[in-house]
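# Summary of the model geometry
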Amino acid sequence: MKLDSPQQRQHQKLPRHVWILSVASLLTDISAEMIRAVLPIFVLLKLQGGALTIGEIEGVAAATVAIMRVFSGGLSDYLGMKKGLAVIGYGLSTLMRSILPMAIDPLLVIGTQFGDRFGQGISVAPRKALMADITSEELRAPAYRLRQSLLIAGACIGSLVAGTILFFQPNNYQLVFSAAVVPSLMGLAILMLAVKPVKKPQKLLMMPAEMTGLLAGGDEYYSHESPTRNRQYQSESLAQSYSPIFWRDVLDLGAEYWLLLIVAIFFNLGNSSDAFLLLKSIDIGIPPAFTPVGLIIMNLVFALVSYPISAIVNRVLKVRLLLAGFLIHVIVYFGLAVVTTNVQIWCLFALYGLHLAMIQGLMLDLIDRAVEPTRRGTAFSLFNLTIGITLLFANLIAGWCWYTIGSGFTFTVGAFFACIATLILLIGSEESDLGNS
């Protein structure tokens with residue numbers, strides 16, 4: 001008789017509402033990725049917006065999500081309406097996506113993307129809290145691994161659907177945007193009708209801090225920590241992940257925290273949106289219908305290497321792994337500056353997926369170790385706020401570089417900032433306790 005592994009038995013025990021909430025998130029992810037895969041191409045080719053405009057759109061979008069993370073968790077806890085805020089966030093994003101097919105001006109695109117990301121930012125913390133409410137402590141890690149798996153699936157499916165529509169209906173970007181509304185509406189309906197919030201005394205239930213943010217400000221994060229580490233860490237960080245900034249604690253965060261924040265600022269100044277990778281695909285002659293292929297490759301590589309990396313991360317120094325991830329980023333960006341063929345750029349997309357898997361959550365885990373537990377709320381909130389502002393300038397810089405000089409200069413500047421961040425981290429870690437982290 002075949003015996004199930006412990007991991008299989010855990011997934012079999014996941015509550016039904018975990019699967020329902022995960023499917024709702026999957027559908028909204030598919031919708032978001034369909035738009036993400038073609039929006040910069042639409043702005044460039046249909047609205048004649050140019051790289052500078054795309055930098056403005058992506059900068060506003062990335063900054064909105066990162067900054068909203070500072071406030072959404074505290075708002076959810078204060079109001080005690082996790083499902084309600086999640087529904088509001090999903091609903092706002094769906095409304096903005098339904099307006100996008102009517103966009104005839106870049107300003108309207110900026111407005112819809114701001115509203116979409118604002119909605120995403122509102123829903124992140126209450127959605128995580130809902131997931132935590134409906135799972136027991138021992139099943140929480142498998143539940144969030146399921147969420148991560150479906151996130152990757154949503155990214156691949158959304159990109160594939162968008163490319164397929166453009167293949168059969170060339171230049172019909174409005175059809176892609178209209179089709180993206182369907183899964184978004186389905187996800188909203190499932191959340192409203194099928195997800196039942198658990199009634200319990202009001203308290204903040206969050207994922208560990210290393211899973212509530214990413215060095216580059218993306219939407220979801222993969223924890224490199226083992227389930228045992230997650231459970232040990234939870235008791236200390238659940239109430240801290242989204243606490244507001246207490247300015248009286250800022251000066252007491254310590255030298256290691258400020259070193260990591262400076263490193264993150266320099267790295268993110270050169271870490272422009274993936275939209276510029278798609279623009280580079282167009283720049284070297286890849287047809288619009290095939291530009292999402294790069295995103296699919298990136299997400300597949302990320303999925304393939306994330307688990308092996310998470311299995312070894314506790315056996316190597318996290319600073320060294322982060323440095324290696326930074327170096328791969330430098331290689332990718334220097335490669336993008338000179339790439340000329342579709343095979344070359346798709347290989348760079350694959351390498352970029354490896355880079356993302358290597359740095360996922362590492363910066364926030366280092367911050368967690370660098371600050372006292374009572375100051376973690378301030379540390380993470382200040383970090384998210386700072387990175388949100390940094391990402392705005394990063395995309396504006398990238399758009400300006402592309403507009404004034406060209407794509408090669410854009411990625412060279414990005415690699416230059418990453419080199420500075422790498423050197424600061426390398427030197428700073430040798431002179432502090434970070435070298436032992």
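It is worth spelling out the overall build of the protein chain at this point. The helix and strand inventory of the protein chain stands at 17 helices and 0 strands. The proportion of buried residues among the 437 residues of the protein chain is 60%. In the protein chain, of all internal contacts separated by at least 6 residues, the share reaching a separation of at least 24 is 86%. Counting every atom, the protein chain has about 17300 Å² of accessible surface; 67% of that belongs to carbon and sulfur.

With that out of the way, let us pick up the nonpolar core. L39, V109, Y257, I367 and F383 are the most contacted members of the largest nonpolar core, which has 109 residues in total. The greatest single-element share of this core, amounting to 13 residues, is contributed by helix α2 (residues 16–45). Not counting chain neighbours up to four residues away, the residues in contact with I367 comprise Y257, L260, A379, F380 and F383.

Under the defined criterion, the tally for this structure stands at 11 aromatic pairs. Where F114 meets F118, the ring centres are 5.9 Å apart and the plane angle is 40°; that geometry is what we call tilted. Residue F114 and its partner F118 are located together in helix α5 (residues 106–133), separated by 4 residues, close to a single helical turn. The exposure class of F114 is partly exposed, given its relative accessible area of 40%. Its relative accessible area of 29% is what places F118 among the partly exposed residues. In textbook terms, an aromatic cluster arises when at least three aromatic residues are bridged by ring pairs, as seen for F276, Y333, W402 and F411.

Across its 18 residues, helix α4 (residues 82–99) extends 26 Å between first and last C-alpha, which sits within 8% of the 26 Å expected from 1.5 Å per residue. Burial in α4 covers these residues: K82, K83, L85, A86, V87, G89, Y90, S93, T94, M96 and R97.

Orientation of helix α10 (residues 255–269) relative to helix α16 (residues 376–404), taken along the N-to-C sense of each, is 25°, at an axis distance of 8 Å. Relative to α16, α10 is oriented roughly parallel. Note that α10 runs across α16; the crossing there is right-handed. Listed contacts from α16 to Y257, W258, L261, A264, I265, N268 and L269 of α10 are A379, L382, F383, T386, I387, T390, L391, F393, A394 and I397.

Quick look at the environment of S72 now. Checked against the element boundaries, S72 lands in helix α3 (residues 50–79). For S72 and P126, which are 54 residues apart along the polypeptide, the C-alpha to C-alpha distance reads 7.5 Å.

Turning to a nonpolar patch on the surface, a few remarks are in order. On the surface, F167, F168 and F290 cluster together into a nonpolar patch covering about 350 Å² of accessible area. Among the structural elements, F168 can be located in helix α6 (residues 137–168).

Right, let's talk about the pattern of salt bridges for a bit. Here the structure, examined in full by the defined rule, presents 6 salt bridges. K318 is paired through a salt bridge with D365; the nearest N and O atoms lie 3.9 Å apart. Here D365 lies in helix α15 (residues 362–370) and K318 lies in helix α13 (residues 318–338), a separation of 47 residues in the sequence. K318 gets classed as buried once you look at its relative accessible area, which sits at 5%.

What follows deals with the side chain of S306. Along the chain, S306 turns up in helix α12 (residues 292–312). A polar contact is formed between the side chain of S306 and the backbone oxygen of F302, at a distance of 2.5 Å.

Let us now look at the confidence of the model for the protein chain. With 81% of its residues at a pLDDT of 70 or more, the protein chain shows a mean pLDDT of 82. Of all the helices and strands in the protein chain, helix α8 (residues 227–237) carries the lowest mean pLDDT, 34, while helix α11 (residues 275–283) carries the highest, 96. Scored below 50 in pLDDT, residues 7–11 makes 8 contacts in the model with residues more than four places away or belonging to other chains. Confidence drops under pLDDT 50 across residues 203–243; counting only partners more than four residues distant or on other chains, this segment forms 138 contacts.

A few words on the packing of α11 against helix α14 (residues 342–359). Helix-helix packing: each pair is described by the crossing angle between the helix axes and the interaxial distance. Where α11 meets α14, the closest approach of the two axes is 11 Å, and the angle between their N-to-C directions is 165°. As judged from the angle between their axes, α11 and α14 are roughly antiparallel. Where α11 crosses over α14, the handedness of that crossing is right-handed. Together, L277, K280 and S281 of α11 and I345, F349 and Y352 of α14 make up the contact between the two elements.

A negative phi holds for most residues other than glycine; trans holds for most peptide bonds. You will see that Q48, though not glycine, has its phi angle at about 55°, which is positive. Assignment of secondary structure puts Q48 in the loop between α2 and α3. Among the residues examined, Q48 registers a relative accessible area of 61% and is labelled exposed. Phi at N171 takes a positive value of approximately 70°, unusual for a residue other than glycine. The residue N171 is located in the loop between α6 and α7 (173–194) in this model.

Calculation notes
Residues numbered from 1 in each chain as written. Predicted model: local features only at pLDDT ≥ 70, side-chain atom pairs only at ≥ 80, totals over all residues. Heavy atoms only, no water. Helix = DSSP H or I, 4+ residues; strand = E, 2+ residues; numbered from the N terminus. Buried < 20%, exposed > 50% of the residue type's maximum accessible area, 1.4 Å probe, protein only. Contact = heavy atoms within 4.5 Å. Areas by Shrake-Rupley, 256 points an atom, 1.4 Å probe, with all protein chains shown as cover. Core = buried A, V, L, I, M, F, W, Y, C linked by side-chain atoms within 4.5 Å. Phe/Tyr/Trp six-rings, centres within 6.5 Å; stacked < 30°, edge-to-face > 60°. Expected span 1.5 Å × (residues − 1). Axes fitted to C-alpha atoms, helices over the stretch in contact; angles between N-to-C directions. Parallel < 35°, antiparallel > 145°, perpendicular 65-115°, else oblique. Left-handed = near helix turned anticlockwise from the far one by under 90°. Patch = residues over 30% accessible without salt bridge, like charges linked within 9 Å, V, L, I, M, F, W, Y side chains within 5 Å. Salt bridge = Lys/Arg side-chain N within 4 Å of Asp/Glu carboxyl O. Polar contact = N/O pair within 3.5 Å; in protein donor to acceptor, adjacent residues only side chain to side chain. pLDDT = per-residue confidence, 0-100.

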